[in-house]
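Structure at a glance
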Amino acid sequence: MNMNRIMFETASSSIENVSRRGVLKGLMLTSGLMLAVKILRPRRALAEDQKWGADGMPHGTVNDPRAFVSIAPDGFVTIVCARSEMGQGVRTGIPLIVADEMEADWARVKIAQAPGDEAKFGNQDTDGSRSTRHFMLPMRQCGAAARMMLEAAAAKRWGVALAEVEANNHQVVHRPSGRNLGYGELAAEAGAMSPPAVDQLRLKNPEQFRYIGKEGTHIVDAFDITMGRAKYGQDVRLPGQKYAIIARPPVLGGKVASFDSTEAMKIAGVVKVVEIAPAPLPPGFLPSGGLAVVADNTWAAIQGRDALKIKWDDGADGTYDSKAYRAELEATARQPGSVQRHEGDPAAAMAGAAKKVEAEYYIPHLAHATMEPPSATARIADGKVEVWTSVQSPQTARDLVAKSLGVAPENVTVHVMLLGGGFGRKSKPDYAVEAALVSKALGGAPVKVVWTREDDIRNGFYHTVSVERLEAGLDRQGHAVAWRHNSVAPTIFSLFKPDQKHEAPFEMGMGLVDMPFDVRNISIENGAAEAHTKIGWFRSVSNIPHAFAIQSFAGELAAAAGKDPKELVLDLIGPARIVDVRNATKNFWDYGENPDFYPIDTGRLRKVLELAAEKAGWGRKLPLGHGLGLAVHRSFVTYVAAAMEVAVDEKGNVSVPQVDIAVDCGPVVNPDRVCAQMEGACIMGLSLAMKSEITFAAGKVQQGNYDDYQVLRINEAPGVTHVHIVTHGFDIRPGGVGEPGVPPIAPAFINAIFAATGKRIRALPLGQQLLKA
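Worth saying up front: this structure is predicted, and the values here are computed from it rather than measured.

What about the confidence of the model for the protein chain?
- Mean pLDDT over the protein chain works out to 93, with 94% of the residues at or above the 70 mark.
- Predicted confidence for residues 1-47 stays below pLDDT 50, and this span has 154 contacts to residues more than four positions away or in other chains.

Next up, the structure:
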């Protein structure tokens, strides 16, 4: 497998965790549900005081340098990162912004990880591809304030005018005399000052940036990760620590009917069996309940769990079956759904079309299957609770632990470790609550709850299952004159409220009601679907089924019209323009952002499609059995297109020689990380396109490990992946990067298979659908 750049080198900065006795102290309260859903009403109904972006998130942002920056007497600068690191490079990117604005030498910067404390640090919910999007400006302000405080301290010491001094590369210089003082020499005096007001801050001009937008800055913890020195949640070891493995109900809403722990207690090292009560339905992020086997080591705990004799009461969802449920979804999709967007007269246009095309697409449940399964270590002493865990939403973990134990949130500290993958699973801190409950049952002794791979795959929060039905009418020239899309999928909101049977506005806002095609007659519908398992957000969420269906269907329209697929998609997108669908939809959602600042820009959509096609050599002659496929999608206010070459041999085996990805995410902080995220998204997108599927029978997940819940292996990865970044200045706002690369991958892959074989795949994963006996 080849990549178009070197990814790992020894980093210049070091990592340290913030001690609870150190500079970071504080408290806050927030709701357990950190998903902030900003529903846009029609333009005429928008309130003038409506909050957008980071301001619409719990606790918003903080730009006070006293929360994020400290300078030691030796001059080393420590910058606190309040977002969770799971491979996306946030512990590099966010501090890099601060360091650049404060004129710090990156080689003399250390990174500290913040605990869960949103009152001090602002929102810490690390999902939704929001970190840079929401914190670029506040962190620039933070760095600028620190720089100006250092300049003011130097001017005061020298007794000179502030206009005569300037911070430059880790020191403050008096321009007329050439005198200079290092940051360490000024730290105490600067730290005693109040930060300047926001309207007094002097931000750098972008041409002055040392690091932002530049190549060559590698992630600060890459070396430790590569050498096995990095500390994840699974690596926590406390004196006297016990280990717990939990037998959880295998069905949503299930519970322990009875159990016998006699044989489990005979296992050497097992010390206790703790019963955990199930959360009432709907469960939110609370534990499913079950029996925790506590032991001196993980292996003894696993053996003890295996020796338990449990009779489960599976409850109402004990009949959930994937095959039967798919048939229900398909039947619903073939009926009229609740209309969410309506333009023109789609029924009349469809009736008068020269050709009608229709297709249904199926996307199964998916598991996050992070390389590091969930784990959490908890300890309770003197009324204080500490939790060490790999979590995307530390404040949610703090609040739920506090609520579950009946203590005040200010008495709970959540220490955030590195995450061995997140993908949305680790936004849901049920495992942190489990650890706290088991520690309480042990009188506060430290205990680590470990999830095995099987626990994670069989007891997780799953990406929704979906049937997408599309119909289009074409005129005699092959132009689309009518468009109908009925999306049917159980909703994430079923976790939080009873009787939720329709996709939530934020789910429909992910490529469904915001579909940007230049078609005059449109009906976007949503059919009812009841959830029978825990539905949770997964990297890119509902963009995955919507993009797969729409971009695959575009390929089918091209075939029906006898047109080149790239030209057909460009024709669907239409001319470069701003698309505003607010007045045509019931509830429009734009990732919590103000659509006046983040409009749907078809010019940017066209650009990435054309760029990916150009770089892939669209139209070039290919060997027999090879095909090129395209797909493009806007998500998390970023535009991404993928052009993929596949090869299908005579037995139906598929390989991917080359992928070209074009991304327009606005201004970029660290180009290396953008490329890495697109490459990783390609691997994940191909995994769900080719291999991954969660199925249920009798309410239970049928997969358990990587042998039957398969992800892409290294020998199956694309031969080469090229990432092409559309460059921008800072005249526009940044978009997301962590998630937008996933949605176009599966449809590009499926369209390429059609180009290579003439066979249209409408159900994921591909699996053995092409294999020949």
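Alright, that's what it looks like, and here's the rest.
Focus: helix α5 (residues 183-191)
- Listed in full, the buried residues belonging to α5 are Tyr-183, Gly-184, Leu-186, Ala-187 and Ala-190. With its buried residues spanning 150° around the axis, α5 presents them on a single face.

A few points about unusual backbone geometry
- The amide bond that connects Leu-281 to the next residue, Pro-282, takes the cis arrangement and shows omega of -5°.
- The step from Leu-764 to Pro-765 runs through a cis peptide bond, and the omega angle for that step is 0°.
- Mapped onto the secondary structure, Pro-765 falls in the segment after α19 (745-757).
- Phi angles above zero are rare outside glycine, and Asn-169 is one such case at about 50°.
- On the secondary structure map, Asn-169 appears in the loop between β6 (165-167) and β7 (171-174).
- Here Asn-169 falls in the partly exposed class, since its relative accessible area comes to 33%.

A few points about the packing of aromatic side chains
- According to the stated counting rule, one finds 16 aromatic pairs in the structure shown.
- Judged by centre distance (6.3 Å) and plane angle (50°), the ring pair of Trp-106 and Tyr-211 falls under tilted. With Trp-106 in the loop between α2 (90-101) and β5 (109-113) and Tyr-211 in the loop between α5 and α6 (222-226), this residue pair connects regions lying 105 residues apart in the sequence. Neither Trp-106 nor Tyr-211 differs from the other in exposure class; each is buried.
- Ring pairing ties together the aromatic residues Phe-493, Phe-506, Trp-589, Tyr-591 and Phe-636, which thus form one cluster.
- Here the guanidinium or amino end of Arg-326 rests over the ring plane of Tyr-362, the centre of that ring lying 4.2 Å away.

Focus: the packing of helix α18 (residues 671-690) against α19
- Orientation of α18 relative to α19, taken along the N-to-C sense of each, is 60°, at an axis distance of 8 Å. Compared by their axis directions, α18 and α19 come out oblique. Where α18 crosses over α19, the handedness of that crossing is right-handed. Contact residues: α18 offers Ala-681, Cys-682, Gly-685, Leu-686, Leu-688, Ala-689 and Met-690, while α19 offers Ile-745, Ala-746 and Phe-749.

Observations regarding the nonpolar core
- In terms of nonpolar packing, the biggest core is built from 108 residues, with Trp-483, Phe-553, Leu-557, Leu-572, Met-644, Leu-686 and Phe-749 touching the most fellow members.
- Looking at this core element by element, the count peaks at ten residues for α18.
- In this structure Leu-686 touches Met-644, Val-656, Lys-691, Leu-712, Pro-718, Ile-745 and Phe-749, once residues within four positions along its chain are discounted.
- Ranked by size, the runner-up nonpolar core spans 47 residues in total, among them Val-98, Ala-155, Val-160 and Val-220.

Things to note about the sheet that holds strand β8 (residues 180-182)
- Spatially, β6-β7-β8 is the arrangement adopted by the three strands of the open sheet, whose pairing is antiparallel. The open sheet has two edge strands with one neighbour each: β6 and β8. Across this sheet, the average inter-strand angle for adjacent strands is 20°, counted without regard to direction.
- As defined by bridge partners, β7 adjoins β8 across three bridges and the pair is classed as antiparallel.

Quick word on the environment of Ala-301
- Residue position: Ala-301 is located in helix α8 (residues 298-307).
- Considering only alpha carbons, one finds Ala-301 and Pro-278, 23 residues apart in sequence, at a separation of 21 Å.
- Excluding anything up to four places from it in sequence, Ala-301 contacts Tyr-243, Ala-244, Ile-245, Val-293 and Ala-295.

Topic: the sheet that holds strand β9 (residues 242-247)
- Spatial strand order, β11-β12-β9-β19-β16-β17-β18: seven strands in an open sheet with mixed pairing. Only two strands of the sheet have a single partner each, and these edge strands are β11 (270-276) and β18 (412-416). Direction aside, the axes of adjacent strands within the sheet are offset by 25° on average.
- As defined by bridge partners, β9 adjoins strand β19 (residues 447-450) across three bridges and the pair is classed as parallel. Residue Ala-244 lies in a different strand from β19, and its bridge partner there is Val-449.
- Where α8 meets the sheet, its contacts fall on β9, β11, β12 (290-295) and β19, and the angle it forms with β9 comes to roughly 30°.
- Packed onto the sheet, helix α11 (residues 394-405) meets β16 (375-381), β17 (384-389) and β18 and runs at close to 145° relative to β18.

Observations regarding the pattern of salt bridges
- Summed over the entire model, instances satisfying the criterion amount to 44 salt bridges.
- Where Arg-248 meets Asp-455, a salt bridge forms, and the shortest distance between an N and an O atom there is 3.8 Å. Linking Arg-248 in the loop between β9 and β10 (255-260) with Asp-455 in helix α13 (residues 453-458), this pair joins segments that are 207 residues apart in sequence. Asp-455 shares its class with Arg-248; the two are buried.
- Between Glu-330 and Arg-326 there is a salt bridge whose closest N-O contact spans 3.0 Å. Of the two residues, Glu-330 and Arg-326 are both situated in helix α9 (residues 322-333); the distance of four residues between them amounts to about one turn of the helix.
- The class of Glu-330 is buried, set by a relative accessible area of 18%.

Cut-off values and rules
- Residues numbered from 1 in each chain as written.
- Predicted model: local features only at pLDDT ≥ 70, side-chain atom pairs only at ≥ 80, totals over all residues.
- Heavy atoms only, no water.
- pLDDT = per-residue confidence, 0-100.
- Contact = heavy atoms within 4.5 Å.
- Buried < 20%, exposed > 50% of the residue type's maximum accessible area, 1.4 Å probe, protein only.
- Helix = DSSP H or I, 4+ residues; strand = E, 2+ residues; numbered from the N terminus.
- Arc of directions from axis to C-beta.
- Phe/Tyr/Trp six-rings, centres within 6.5 Å; stacked < 30°, edge-to-face > 60°.
- Lys NZ or Arg CZ within 6 Å of the ring centre and 35° of its normal.
- Axes fitted to C-alpha atoms, helices over the stretch in contact; angles between N-to-C directions.
- Parallel < 35°, antiparallel > 145°, perpendicular 65-115°, else oblique.
- Left-handed = near helix turned anticlockwise from the far one by under 90°.
- Core = buried A, V, L, I, M, F, W, Y, C linked by side-chain atoms within 4.5 Å.
- Pairing = 2+ DSSP bridges.
- Salt bridge = Lys/Arg side-chain N within 4 Å of Asp/Glu carboxyl O.

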